[in-house]
Every structure is written in C-alpha cells, then in structure tokens.
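The residues making up each chain are set out below.
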Amino acid sequence: MQVSDILKVKGNTLFTVRPEMPLFEAVETMATHDIGSLVVMEEGHLVGLLTFREIILTLRVNNGMLGVTVIRDIMNNSPLVCTPETDINEVRRMMLERHARYLPVLNERTLMGVISFYDVAKAVVEEHGFENRMLKAYIRDWPEAESQ
C-alpha cells in the first residue's frame, strides 16, 4: 500500500494558509473544519506546517493568549514530507521516529494532500481486516480432497 491509496480514499479537500495570516484565523479554520494541521503556502510552494502542537506551545508561552502571533512565527518551517509513491510502512516508520502526526504529500513540488497518523492507522487496520477476511474465506472454501 502506498500514500496515494490513502489519498484516494481520503479525498482531495485541503486547507492551506499564508505565513503572514494571524494565528487566530488559523485556529478558527482548524476548529470549523475539525482538522489538526494546515499547510503553509507561499507563492505556490510549501513553506511550513502548522499543527495543534505549535498552537499549544504558543498558548503556553503566551499564558493562554494567541495575541498578535502570525503563523510564520510558530510554524514548523521544515516539515517531514512524503510522496504519493511512499510505501505506507515507510510512512509509519518516519512518523514514529520523528513524532510527526501529519505529513504533507508532495509530487515533486506540487502539494497533493496531507496524511495524518490516524489516516495511516485506519488504512493499516482496513488492509489487515481485508487480508483476514480473505484468509478466512480461503480456509472455509478449502477443497475436501486437499483437507484429507
């Protein structure tokens, strides 16, 4: 299974922000759409990633206030990325090693989407469930002559 398989199921809705956008607007977007990350784009290129982790750290530093913070000041400006062809097991390893919950997916320099740790876990569970059902069907339909 590859990242492209997850993107096909997930759909093509993608939320992006500009680095100079006020943080409170990004928080509003994330809350409205129930998402945990926003891709930061500038002049058509990925320049960073904003996740709830950066927002929580900002709230801690600012005593619970967002203030006049702009996204550029707190975004991860070198996020871990993958390609549509990246194997899902490689993505799992990357996410676990780097404690990354979200990965932008780039096809060369074109942003294809974002996958989350949840997306990866769901795909793996569904794949294992499918394999399990196929094995059970194979065993159930085992030819009589071979079973003796």
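Just so it is clear, the structure is predicted and the values come from calculations on it, not from any experiment.

**Student:** Can you walk me through the packing of aromatic side chains in this structure?
**Tutor:** A full pass over the atoms with the stated rule returns one aromatic pair. Between Phe52 and Tyr102, the aromatic rings sit 6.2 Å apart at their centres with planes inclined by 85°, giving edge-to-face as the arrangement. Taken together, the residues span a long stretch of sequence, with Phe52 in helix α3 (residues 52-61) and Tyr102 in strand β4 (residues 102-107) at a distance of 50 residues. Taking the relative accessible area as the measure of exposure, Phe52 reaches 35% and is therefore partly exposed.

**Student:** Even after reading the chapter, I still don't get the nonpolar core, so can you show me in this structure?
**Tutor:** The tendency in soluble globular proteins is for nonpolar side chains to be buried as a group. Formed by 16 residues in total, the largest nonpolar core has its most connected members in Val3, Cys82, Val91, Leu103, Ile115 and Val120. When contributions to this core are tallied by element, the ones reaching two or more residues are α1 (3-10), α5 (88-98), β4 and α6 (117-140). A per-element tally of this core places α5 first, with four residues. If near-sequence neighbours (up to four positions away) are discounted, Cys82 is found in contact with Val3, Val91, Met94, Leu103, Pro104, Val105, Leu106 and Ile115. Core analysis: the second largest hydrophobic core is formed by 13 residues, Leu23, Ala26, Leu66 and Met75 among them.

What counts, and where the lines are drawn
- Residues numbered from 1 in each chain as written.
- Predicted model: local features only at pLDDT ≥ 70, side-chain atom pairs only at ≥ 80, totals over all residues.
- Heavy atoms only, no water.
- Phe/Tyr/Trp six-rings, centres within 6.5 Å; stacked < 30°, edge-to-face > 60°.
- Helix = DSSP H or I, 4+ residues; strand = E, 2+ residues; numbered from the N terminus.
- Buried < 20%, exposed > 50% of the residue type's maximum accessible area, 1.4 Å probe, protein only.
- Core = buried A, V, L, I, M, F, W, Y, C linked by side-chain atoms within 4.5 Å.
- Contact = heavy atoms within 4.5 Å.

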